[in-house]
There are 2 protein chains.
Amino acid sequence: MSISALQKARYEYQPKVPAILTEKLDNIAIEFGKATESVADQADLKSLFKNTYGKPLATFKKGANPDVSKQLNVGIILSGGQAPGGHNVIAGLYDGVKKGNKNSKLYGFLGGPSGLIEGQYVEITDELMDAYRNTGGFDIIGSGRTKIETPEQYAASMETAKKMDLDAIVIIGGDDSNTNAALLAEKFVEAGAKTRVIGCPKTIDGDLKNEMIETSFGFDTACKTYSELIGNIERDANSAKKYWHFIKLMGRSASHIALECELQTQANYCLISEEVEAKKMTLRQITDDLCKIIAKRAETAGNFGVILIPEGLVEFIPEMKTLIAELNDKMALKADEFNKLVSFAEKKDWLKANLSAASYETFASLPESIAAQFLADRDPHGNVQVSRIDTEKLLAMMVEGRLAEMKKEGTYKGKFSSYCHFFGYEGRCAFPSNFDADYCYSLGFTAFLLIASGVTGYLSSVRNLTAPAAEWLAGGVPLTMMMNMEQRHGSKKPVIKKALVELDGEPFKKYAANRDKWAVNTDFLFPGAIQYYGPDAVCNATTKTLQLEHQK
Amino acid sequence: MSISALQKARYEYQPKVPAILTEKLDNIAIEFGKATESVADQADLKSLFKNTYGKPLATFKKGANPDVSKQLNVGIILSGGQAPGGHNVIAGLYDGVKKGNKNSKLYGFLGGPSGLIEGQYVEITDELMDAYRNTGGFDIIGSGRTKIETPEQYAASMETAKKMDLDAIVIIGGDDSNTNAALLAEKFVEAGAKTRVIGCPKTIDGDLKNEMIETSFGFDTACKTYSELIGNIERDANSAKKYWHFIKLMGRSASHIALECELQTQANYCLISEEVEAKKMTLRQITDDLCKIIAKRAETAGNFGVILIPEGLVEFIPEMKTLIAELNDKMALKADEFNKLVSFAEKKDWLKANLSAASYETFASLPESIAAQFLADRDPHGNVQVSRIDTEKLLAMMVEGRLAEMKKEGTYKGKFSSYCHFFGYEGRCAFPSNFDADYCYSLGFTAFLLIASGVTGYLSSVRNLTAPAAEWLAGGVPLTMMMNMEQRHGSKKPVIKKALVELDGEPFKKYAANRDKWAVNTDFLFPGAIQYYGPDAVCNATTKTLQLEHQK
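As the structure is a computational prediction, the values presented were derived from the model and not from experiment.

Engineer: Before we move on, can you summarise helix α16 (residues 368–376) of chain A with the specific residues and values?
Structural biologist: Among all positions of α16 of chain A, only I370, A371, Q373, F374 and L375 of chain A are buried. Where α16 of chain A is buried, its residues touch α12 (318–333), α13 (335–339), α14 (344–354), α15 (357–365) and α17 (391–409) of chain A.

Engineer: How would you explain the relation of the copies chain B and chain A if you had to name every residue and give the values?
Structural biologist: When chain B is fitted onto chain A, the two copies agree to an RMSD of 0.0 Å after a turn of 180° and an axial shift of 0.0 Å. The relationship between the two copies is best expressed as a two-fold rotation axis. Looking at chain B, 100% of its interface residues are interface residues in chain A too, so the copies touch through the same face.

Engineer: Which residues make up unusual backbone geometry, and what values do they have?
Structural biologist: Residue and element names in this part refer to chain A. Even without being glycine, K241 reaches a positive phi, approximately 50°. For K241, a relative accessible area of 42% translates into the label partly exposed. Located in the positive-phi region is N464, a residue other than glycine, with phi close to 65°. If you trace the backbone, N464 turns up in the loop between β12 (458–463) and β13 (473–478).

Engineer: How would you summarise the interface of chain B and chain A if you had to cite specific residues and measurements?
Structural biologist: How big an interface is tends to be stated in terms of accessible area lost as the parts join. Listed per partner, the contact involves 60 residues of chain B and 60 residues of chain A. For the pair chain B and chain A, the two sides together bury roughly 4700 Å², of which 52% comes from carbon and sulfur. Counting the contacts that link chain B with chain A gives four salt bridges. Its salt-bridge partner being D139 of chain A, residue R235 of chain B comes within 3.2 Å of it at the nearest N-O pair. Summed over the shared surface of chain B and chain A, the number is 24 residue pairs in polar contact (both at pLDDT 80 or more).

Engineer: How would you summarise the packing of helix α12 (residues 318–333) of chain B against helix α15 (residues 357–365) of chain B if you had to cite specific residues and measurements?
Structural biologist: All names here are of chain B. Look at α12 against α15: their axes get within 9 Å of each other, and the N-to-C directions meet at 105°. When the interaxial angle is binned, α12 and α15 end up roughly perpendicular. On α15, the residues that touch E319, M320, T322, L323 and E326 of α12 are S359, T362 and F363. Split into classes, the residues belonging to the contact of α12 with α15 amount to three nonpolar, three polar and two charged.

Engineer: Tell me about the sheet that holds strand β8 (residues 244–249) of chain B, residues and numbers included.
Structural biologist: Residues and elements named next belong to chain B. In space, the four strands of this open sheet follow the order β9-β10-β8-β11, with parallel pairing throughout. At either end of the open sheet lies a strand with only one pairing partner, and these are β9 (269–270) and β11 (418–423). As defined by bridge partners, β8 adjoins β11 across six bridges and the pair is classed as parallel. Directly across from H245, in β11, lies its bridge partner Y419.

Engineer: Can you explain the pairing of strand β6 (residues 168–173) of chain B? Please cite residues and give values.
Structural biologist: Within a regular strand, the side chains alternate between the two sheet faces. All names here are of chain B. Among the six residues of β6, six are classified as buried, and the element is accordingly described as predominantly covered. Alternating positions in β6 separate into two faces, A168, V170 and I172 on one and I169, I171 and G173 on the other, with burial throughout. Both strand β3 (residues 73–78) and β6 contribute to a ladder of five bridges, which runs parallel. The partner of G75 across the bridge, within β6, is I169. In the sheet, β6 pairs with strand β7 (residues 196–201) via six bridges, with the strands oriented parallel. Looking at the pairing, I171 lines up with G199 of β7. Handedness of the crossover joining β6 and β7 through helix α7 (residues 175–190): right-handed.

Parameters and conventions
- Residues numbered from 1 in each chain as written.
- Chains lettered and ligands numbered in written order.
- Predicted model: local features only at pLDDT ≥ 70, side-chain atom pairs only at ≥ 80, totals over all residues.
- Heavy atoms only, no water.
- Buried < 20%, exposed > 50% of the residue type's maximum accessible area, 1.4 Å probe, protein only.
- Helix = DSSP H or I, 4+ residues; strand = E, 2+ residues; numbered from the N terminus.
- Contact = heavy atoms within 4.5 Å.
- Least-squares fit on C-alpha atoms with pLDDT ≥ 70 in both.
- Buried area = accessible area lost by both parts, 1.4 Å probe.
- Salt bridge = Lys/Arg side-chain N within 4 Å of Asp/Glu carboxyl O.
- Polar contact = N/O pair within 3.5 Å; in protein donor to acceptor, adjacent residues only side chain to side chain.
- Axes fitted to C-alpha atoms, helices over the stretch in contact; angles between N-to-C directions.
- Parallel < 35°, antiparallel > 145°, perpendicular 65-115°, else oblique.
- Nonpolar A, V, L, I, M, F, W, Y, C, P; charged D, E, K, R; others polar.
- Pairing = 2+ DSSP bridges.
- Right-handed = clockwise from strand over helix to strand, strands pointing away.

Next comes the structure, spelled out in structure tokens:
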């Protein structure tokens, strides 16, 4: 197989790691801190996680570790959407496992958690591993979205672990997958099985973070890739002075990606879903805000600009949230009836009869091509697929309509032409930035140390990330510490609390303090393509989010 | 104004240039070769370009050049769409002009050719220039698409040149803009004015090339940027194994960009407009070809893949070309009548009555949402805007429909889900690759040498581009050498012949020899982001097109 010049060069990259990870293995000891509590619902969680609740924080320090060279069988799972650096987590884990004992084995479960359920796996060898070091994607073993939920799935998973004589399973995933990891850890202990379960914080969305987890991996690379493209488009907009670009950015619920990209590129406006929800903004208000900026720029800077939109926005606009909830309800409840309708007009009539008046009004106010998306692209459960709604086009059309009115009123004198973009798949599998390559390798190696220290139900944790890698701190966080109980499909479930953008956090405050200026001026920043070589400031900088959240 | 870390670092970059350009200026002499002929229509062109036709090729060699330090006033124009490296052409020209005589002046015309017509310009100073070295975009002075065509526009342009006492004007543009440059050069000589006109070959589309112009600038950077994204998407597709990605790539007529990206990424299929036209392929045939590959991969590799589509495709499908021509004719001819129609159904009825039966059938066979685009997004002359037609969605929908039929027939057993992308604005303003930074700076400096040598109607030419920069050859090509006569808006006009993809050229042959394999296997290449630093193979490689066309 031929490979690109960059891929070949990246094979040679040696990830930077915390100083402690460069010690001899038998001189790296686990040190426990205080016992922990979950973020909420302590009693409920304590009763659900009888064996694994409330464990202490763990840190690795110099000290004797006589058991580290024990032979081990370890399995690894990539779960959920791709994030740059996944291969390096495996590489760090692999190198740790083999350094501990060259007869130890690492097995990769194929296609995500279903590989564990079905016992589908491959042994990771030097040759296989070396072909994936410092590369993007999850293609080494594939990923999947199966959740281990039913008693049968738990039993099958435990059966596989038993058959393979697994000492540990590492699950690389986001909030859901790590919730799953916590439950699996508990089940193994409950059953008296020896298999430990360790999680690794993955998601480009950046919403798996807390006091002990400074960032999830992949966020850095994905944001830098999107910011490269946004910067290029900004430069184009400022050169041609013809278009308003509406750019939707991936990130299921939280607006971390959009906010980070905004800080990296200083686009004219960035919608933040969390703010929209907090202020209970209507679609009309959002449209008006955008139109005000466009009208103002038309008089000063010109008829061009760039607007960033988080993927999950529509679900944070109260009237749209209600509409989606009603649509999901009604279309599911009367699925047979609804599915018989053919034309959009028929469907619209049906909705008029079935939705609340307010929701029908919201629906009817949408441009027809967008309204149709609410009805067409439903998931297997009949639910509206929010990620398939062209929010960027919706806003561009609403803005166009409103500007036409303003023109008549005499409050807008410009010329409006728009271009829409959606960036998501473009960034999830990029070659990991040096930061993600280093961070992921360290997370994987730390996961091995946690396994070798005999703990279970922990998330691998590498902290102090704004300092040089040598000063990073390696350790583990009990998964239950990050959990609370939430309503899911009608019943209370233990879940890892999603970290949304905090409106009193430093990243948002930085944006809020500058946005009026960035909106009207042309203060674009052009980050350019991710660099893996070159001056330190060019190839080793962390995200602005991380810098702002951890500035001293 | 704050700037990004990469922009700051790129200011320090010293473009590599042909060895001759590092000589003392008074030791760089112009050497003329044989007189030239236009590519066709010699007699017509000779009579149109009485003073500038048939000039000899020029090359710069060591030798006395006593006049090089004469004080000069030079103007520069950025014309047409952005291409990475435009700022470096200006930088090379600026450095040449100032090296020749520090009292010489370089003026930048604002907003493209209209800046010359209207006398809108700015003096380029050290401070202004230094803020734009090695950066993307055309924002230093802006660009525009105005053509200098009417007698009034020529007169105004010459008036500006006279007022500013210009010794030369450099026009950075594509085929149209350089045709304009040739005409302007001729007019100045005809009028006895001293102003010389020199062109520079710009366009990301890569269609301005010939024996003496190996590539237009910007093609390298744009293709590398698109290939980065395609590679990331390929890796995502191969990790998730869920989607077929349909990716449309900018490039008005020629398929050079799509072909180059295909060679860089080895996507499963790449449509080449020139081949579609040569084989007179119908939309149905194209759809069938794609479906065959998708069905085959469903049985072997899986339900995923990547397909590349050149932007201009629809105009190369004979039935669509006819449809578009008829639509343009009829909608213009009976504009009043047509513009009164409101609903799509009414418009369709009207077309049934007004188009030929064959064209109406083609129109009616299109998915409604795409058919509507043919009628909605027309340019100010009432013509269909081909670049606004979602060809990628058209193909995805046609494929989906055909696969559903094949499923019923039992010839397809897979699961089809598609994602559409269009990459264009993402790459036109990237930081120029080292290649484009070097090439552009050299083109600009060479343009100065041509001016200082007193010639007019030449295109700055830097050749031997697959060798290290020191071995590049600097010179000039008479613009008339690249021209022929073509039918434009009902009359024969002199134009620079567009270079389309040659089906017997090495780049296409390379693809043709591999495509069956790439279609069915998963032989993806992941080029990653453009690197400006690092190993030579990573940051200094030229395009595959250039390598294949000039391999020895």
